[in-house]
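As a plain string of letters, each chain reads:
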Amino acid sequence: MAGSRTGDVVYVEGRDDKHVIGHLLIRRGADPEGRLGFVDSRGKQGVLDAIRVAVGAGTGRSVGFVLDANDDPDATWRAVGSRLRRAGVDAPDRIPQDGFVGESAEFGTRVGVWLMPDNRRTGALEDFLKDLIEVGDRLLPHAEASTAGAKEFGARFPSVDTNKAVLHTWLAWQRKPGRPYGVAIKAHYLRDDSDVARRFVRWFGRVFGTPEGR
């Protein structure tokens, strides 16, 4: 498979997404080696707003969009799909389980979309990362119980951020507490060979022509 080209870009919601993707690709042996640009869109709406312009500006190149499904994956995909169609991309009614890969007939741009965590479930980046914790890890249920208990004692995080609070609690108990998400992957606190990790790397390779890894 050919390597990614200069000018290929992936739009993400924030810096955490960028570093998670970068370190996961390195762990999987699928690093594009600096040939790919990341754009921090500063939130989900920023990614959505970028779609039409980015596809139109990407003639002859590849562009990807990684955004959270949040509490309604179907609604998120409808928002994405309507923008893709306006940019000349034939988008299906539902995103494929292994991520969307298509092309703009109007601009000749290869386009990919991944909804965190896995194109099906509600959730966000943190749900994707929880799937990278070793199966049977004994600290995870303790982190979940501790987070729930903290809420009863007045912890102020909103319910929608519960999984983020759980993950940060779990990371606080590792050998070097509180490492950022990407560094936690680099340090092997999180695995790289879960089903969702493998599928994400394969999707990335289909969009950007990067190696699909080991």
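Just above sits the structure.
Residues numbered from 1 in each chain as written. Predicted model: local features only at pLDDT ≥ 70, side-chain atom pairs only at ≥ 80, totals over all residues. Heavy atoms only, no water.

A. Focus on the environment of A172. As for its position among the elements, A172 is in the loop between helix 6 (162–171) and helix 7 (181–186). The spatial distance from the C-alpha of A172 to the C-alpha of A143 is 9.6 Å, given a sequence separation of 29 residues. What A172 contacts, discounting residues up to four positions off in sequence, is P177 and G178. (Helix = DSSP H or I, 4+ residues; strand = E, 2+ residues; numbered from the N terminus. Contact = heavy atoms within 4.5 Å.)

B. Just the packing of helix 5 (residues 139–152) against helix 6, in detail. Two elements in contact, helix 5 and helix 6, have axes whose closest approach is 9 Å; the angle formed by their N-to-C orientations is 125 degrees. Here helix 6 runs oblique to helix 5, going by the angle between their axes. The handedness of the crossing between helix 5 and helix 6 comes out as right-handed. Contacts between helix 5 and helix 6 involve L139, L140, A143, E144 and T147 on the former and, on the latter, T162, A165, V166, T169 and W170. Its residues placed into classes, the contact of helix 5 with helix 6 shows 6 nonpolar, 3 polar and 1 charged. (Axes fitted to C-alpha atoms, helices over the stretch in contact; angles between N-to-C directions. Parallel < 35°, antiparallel > 145°, perpendicular 65-115°, else oblique. Left-handed = near helix turned anticlockwise from the far one by under 90°. Nonpolar A, V, L, I, M, F, W, Y, C, P; charged D, E, K, R; others polar.)

C. Up close: the sheet that holds strand 4 (residues 100–103). Read from one edge of the open sheet, 5 strands run 2-1-3-5-4, paired in mixed fashion. Edge strands, defined here as strands with exactly one partner in the open sheet, are strand 2 (37–40) and strand 4. If you compare each strand with its neighbour and ignore which way they point, the axes differ by 20 degrees on average. Relative to strand 5 (residues 110–116), strand 3 (residues 62–68) runs parallel, the two being bridged by 7 bridges. Residue D68 lies in a different strand from strand 5, and its bridge partner there is M116. (Pairing = 2+ DSSP bridges.)

D. Looking closely at the nonpolar core. Grouped together as the largest cluster of nonpolar side chains are 35 residues, with contacts concentrated most on V66, F128, L129, W170 and F200. Counting only elements with at least two residues in this core, the list comes to strand 1 (9–12), helix 1 (15–27), strand 5, helix 4 (125–130), helix 5, helix 6, helix 7 and helix 8 (195–208). The biggest single contributor to this core is helix 8, with 8 residues. Each residue touching L129, except ones within four places of it in the same chain, is listed here: V20, L167, Y181, I185 and L190. With 23 residues, the next largest nonpolar core counts V9, W77, A91 and F100 among its residues. (Core = buried A, V, L, I, M, F, W, Y, C linked by side-chain atoms within 4.5 Å. Buried < 20%, exposed > 50% of the residue type's maximum accessible area, 1.4 Å probe, protein only.)

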